[in-house]
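Report on the structure
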Amino acid sequence: MLSLAWLYLLYLQSGALSFGIFRENSFTHQTITERALLDVTAQVCRALALAEGRDFTFPAQPFTAKSIADACEAPKSYKFFLFNIGLIQSMNAATDFRHFLDARYHCNDELLVEGQRLITDGLSAVKAANKRQNYLAARLNLGGILHTLQDFYSHSNWVELGNKFPNINMIRKNANIGKIAAKTTATCRSCNGDDCSNNILEDIIAGNILTSGYALVWPWSGNKPKGKCSHGGFLDAISSAKPKGGINKDSYTSSHGHLHREAAELAISATSQLLEDIRGATGDREFLQLMGISKGSNKALCFVVDTTRSMGDDIAAVRTVTSTVIDSKVGTEDEPSLYILVPFNDPDFGPLMKTTDPKVFKGYINSLTPYGGGDTPEMSLSGLQLALTGSPPNSEIFLFTDAPAKDECLKNTVIALIEQSKTVVNFMITNIPGLRRRREANENQQQQQNQRVVRSDSQLYRDLAQASGGQAIQVSKTQLLQATSIITESTSYSLVTLLQANRNFGKAENYTFIVDETLTNLIIYITGSSVNYTLVNPSGELHNSTFKGPSIITAELVGNLRTLRLRGQVGLWELRQTSTNPYTLRVVGQSPIDFIFSFVKQSKGPLGGFDLVENRPTAGSNTSLQVVLLEADISTVTEVTLVESSGSGQVNGHVEAQGGGQYLVHFDKIPSVEFVVLVKGQSTNSTTSRESSMTFQRQSSTSLRASCVTVTLSDTGSVLEPGTPLLIPFSVTTTGKGGNFVIKATNDQGYNLTFPYSLTLESGGSANGTASITAPLASQSGTGVTLTIEAGAPGGADANYDVLRLTVLPKVTDFSPPVCQLLSLQSNCSDSCNQSTWELSVQAADGENGTGIDSICLREGDGILNFNMTTANVTLVSYNASCCSPNVQLVVVDRVGNVEVCSYSVAPNVSTTFSPTIKPSSSTTASSSGAVQPSLLCLSVIILGLMLGCKMH
């Protein structure tokens, strides 16, 4: 699911049982979702700007991901913001594909309470995941619940009842959403021909009774209850049964299309309402992280470090390079938005340490202590698996070790996660000539074993690096600092790949790549021993290892890594390589022109259109690729090719422009070996007095592959309750030969997992299995769990996988938000507002059976906030401010994410004293106080010395 799911762009007009997509000028789930995401993100950026004393200017309507990123002073976040909007939208659209016949997901068949339960359960999971910075799982959950919420306004009669505002209780667990028609109550009459504007019965309207349409795709599958409304539309097989017609408002041409705009506007407001609820529970800065907005590079800096005793020098080098990288990038556009550290040893690995604070990350690195060792292999792939599942998509990971992998069995799982996340992994390998020896072994025997291990280990790390588009760099311990300093330059936010190639058998070969005028900081990385090269620039000038031509700024050789920094001359370059050894080649630069892609396939469901391929595409068949071009206002795609990673073979695609920088590319076949995606196009040069066009090329970093095997995990929900086994049915299908297929399943948290070790398939057949995973009772709420199930064909030459993201969520019993009670308000405001002040006192309580106040934040206001804890569930809050800041909003959140926003204000030039007769609780079993000035800071509550996670809002 990590692959950016642009399937919503291909979901054809179909009369689906929802708002739909691409319905002429109608509102769609995608436009509704995008509008709300952009609107709320803009409001969050505005609040933060005002809190920091900065001006904020809303961009012109209609908002775009680019204009909002610019307005938030985070223009480099555009790609990631667009990525995340697309992911949330696609998970919204996937609800129609995956739950088309389940009325709960569409608020059909009067299953409105059931729809509410899906929304609120999913919302709890989103909040829990956010609290643990498990943002990917939160996005995946968010898209699905938004679909159900939006369908409520299109499929129920909420609009017909005259409501002008969203039903807030649809996002409140166990709350009363209104009176719903009984199953025996008639709700509709037949439409008057094509006119359905009057088909809901008068007593339903007068009684303010909720209903929604019934729908069946196949007429033989059942009947709607007598007198009930139909959904309507040509996919609804029972809309012709009395009462005829429907009530959906999915488009202007729907049965109740005259109310389509009203339903869509309410759906936008409801979506914004839900996002504001998440914002309140999460905090403003964390909400922007969820959206992918950051003033830095929005890339994670992730280190996976071997901590055995022999790694002492390496860890010292990691400390030095970490400080250098952080210090050089803090405050710049390349500052990482997230820092991740995963230590590993034997038999231990982890925990994953994650922070947005560079100083905290330095502390993590400094706390690493080398210990243990003695035997050679370490748990390097377990540490890498944890890093891959805990890092954002499109990250770059650096793994430091001087030993082979003890857990080589995880190789295929790691490759699957690399393919899904499109993450680049670089291996920094030291001490290769003499790996650590077993202390008790005979020295001569151990030398022979080490030589075998070196070859095996180097190939494993090289295979993983090649799969991800990274480097397997072998250096001495004294060279590690220099090599790491070179390679960490690739953490730049705007890094793009022009060319990469892997050769397991060296030979003479020529490569070409195109440099366009938007490219800067061009670098060629070559890893391998005894690789000779000649570089020819567009002017025909040469450079090689014995002659330095004008194209090269610097040439550097460290270990097996050669780095060439180029002068960015526009045009066609040629690189001639000669080697008898394996090597990798990567040409990178910085440019705003980039692309995002995902494989899609023709949907077999009743909606038609295309569905997302979330693992490996099917070998031996045609396929389609969705490409989204960034900076589409200055560039267009003309060619898309699948190029063999380790050879010269390629498959050309047929490109169809879809508008807005989106392209659908059809391929008659897929390469039978690993391949990358190569995109070429034209960019417009507007920097000169005469506009001209220049060819560009970009390539994916991750190597992909096709498979005759398909693994599909059933969508059983994304919540894992501690102590309760979750059963996950799955299927394995093959288009090739049958036999005994080996099943492997892993999860990154080490939770108890059972599954069948094999399934027997006939040729071209399928088989079903069930996995079961159980989280320990002590598992923390919001923990992300990545389950990977792999099926290998007989002989092991072919395999595929599927990945499921789960969120640990204990059963929630606290459904009520905290309550604010105003105790006193005093002001002496005068004409000179800066000479006068006002203050208030508020009691925030979470109820007798609540989980307790977790945080109290200032969302609006430029004063001083103090608090005093009186009981576990009651907090006294005081606030005083200048009369120049007459408004304040307090955001009160309990420990399970229920949110209450309390707003207060004073009138200018008015003196006020307000003191109600109700007194606060006098219990003072524990207390703590604090103060903050100004604004948007969260005060966490301390109970008997236990800090309850204060966040920056």
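Refer to the structure above for everything that follows.
Residues numbered from 1 in each chain as written. Predicted model: local features only at pLDDT ≥ 70, side-chain atom pairs only at ≥ 80, totals over all residues. Heavy atoms only, no water.

Quick word on the packing of helix 11 (residues 380–390) against helix 12 (residues 411–421)
Helix packing for two helices is described by the angle between their axes and how far apart those axes are. Just so we agree on the cut-off: Axis lines are fitted to C-alpha atoms, over the contacting stretch for helices. Their N-to-C directions set the angle, which ranges from 0 to 180 degrees. Only DSSP runs of H or I covering at least 4 residues are called helices, and only runs of E covering at least 2 are called strands; the numbering of each starts at the N terminus. Reported orientations rely on four angle classes, namely roughly parallel under 35 degrees, roughly antiparallel over 145, roughly perpendicular from 65 to 115, and oblique for the rest. With the far helix as reference, a near helix turned anticlockwise by less than a right angle produces a left-handed crossing, and one turned clockwise produces a right-handed crossing. A contact between two residues is defined here by any heavy atoms of the two lying within 4.5 Å.
With their axes 10 Å apart at the nearest point, helix 11 and helix 12 run at an angle of 20° to one another. By the angle between their axes, helix 11 is roughly parallel relative to helix 12. Relative to helix 12, the crossing made by helix 11 is left-handed. Contacts between helix 11 and helix 12 involve Leu 381, Leu 384, Gln 385, Leu 388 and Thr 389 from the former and Lys 411, Thr 413, Val 414, Leu 417, Ile 418 and Ser 421 from the latter.

Quick look at the packing of aromatic side chains
Heads up, the rule is: Side-chain rings of Phe, Tyr and Trp (the six-membered ring for Trp) are treated as a pair once their centres are within 6.5 Å; stacked means planes under 30 degrees apart, edge-to-face means over 60, and tilted covers the remaining angles. In our convention, an over-ring charge means Lys NZ or Arg CZ found within 6 Å of a ring centre and within 35 degrees of that ring's normal.
Across all of its chains, the model carries 14 aromatic pairs by this definition. Their ring planes at 15° and their centres at 6.0 Å tell us that Phe 513 and Trp 573 sit as a pair that is stacked. Here Trp 573 lies in strand 14 (residues 571–578) and Phe 513 lies in strand 8 (residues 509–515), a separation of 60 residues in the sequence. Chaining the aromatic ring pairs together yields one cluster made of Phe 303, Tyr 339, Phe 361, Phe 398 and Phe 400. Positioned above the aromatic ring of Tyr 78 is the side chain of Lys 66, whose terminal nitrogen or guanidinium carbon lies 5.8 Å from the ring centre. Between Lys 422 and the ring centre of Phe 597, over which it is positioned, the NZ or CZ distance is 4.6 Å.

Section: the packing of helix 1 (residues 29–51) against helix 8 (residues 284–291)
Note the following rule: Gly is put with the polar residues, along with every residue not named as nonpolar or charged; the nonpolar set is Ala, Val, Leu, Ile, Met, Phe, Trp, Tyr, Cys and Pro, and the charged set is Asp, Glu, Lys and Arg.
Contact pair helix 1 / helix 8: the axes reach a minimum separation of 10 Å and the direction vectors enclose 140°. Considering the angle they form, helix 1 stands oblique to helix 8. Both helix 1 and helix 8 take part in a crossing whose hand is left-handed. Across from Leu 37, Val 40, Thr 41, Val 44, Cys 45, Ala 47 and Leu 48 in helix 1, the residues of helix 8 making contact are Asp 284, Arg 285, Phe 287, Leu 288 and Met 291. In the contact of helix 1 with helix 8, the residues fall into nine nonpolar, one polar and two charged.

Considering the nonpolar core
In summary, soluble globular proteins display a tendency toward joint burial of nonpolar side chains. Put simply, the rule is: In plain words, nonpolar cores are sets of buried Ala, Val, Leu, Ile, Met, Phe, Trp, Tyr and Cys residues tied together by side-chain atoms within 4.5 Å. Only protein chains enter the accessibility calculation, which uses a 1.4 Å probe. A residue is then buried if its area is under 20% of the maximum for its type, exposed if over 50%, and partly exposed in between.
Residues Leu 142 and Leu 274 are the most contacted members of the largest nonpolar core, which totals 68 residues. For this core, the secondary-structure elements that each account for two or more residues are helix 1, helix 2 (65–71), helix 3 (78–98), helix 4 (112–131), helix 5 (135–155), helix 7 (260–282) and helix 8. Apart from the residues lying within four places of it in its own chain, the contact partners of Leu 142 are Ile 88, Val 126, Leu 274, Leu 275 and Ile 278. In this structure, Phe 344, Ile 429, Leu 460 and Ala 465 belong to the second largest nonpolar core, which totals 32 residues.

What to know about the state of the cysteines
Basically, it comes down to this: Criterion for a disulfide: a pair of cysteine sulfur atoms within 2.5 Å.
Taken as a whole and assessed by the stated rule, the structure comprises six disulfides. Here Cys 191 pairs with Cys 196 through a disulfide, and the sulfurs are 2.0 Å apart. Negative torsions about the S-S bond denote left-handed disulfides, and the value of about 110° found for Cys 191 with Cys 196 makes this one right-handed. Classification of Cys 196 as buried rests on a relative accessible area of 5%. Residue Cys 829 pairs covalently with Cys 883 via a disulfide, S to S 2.0 Å.

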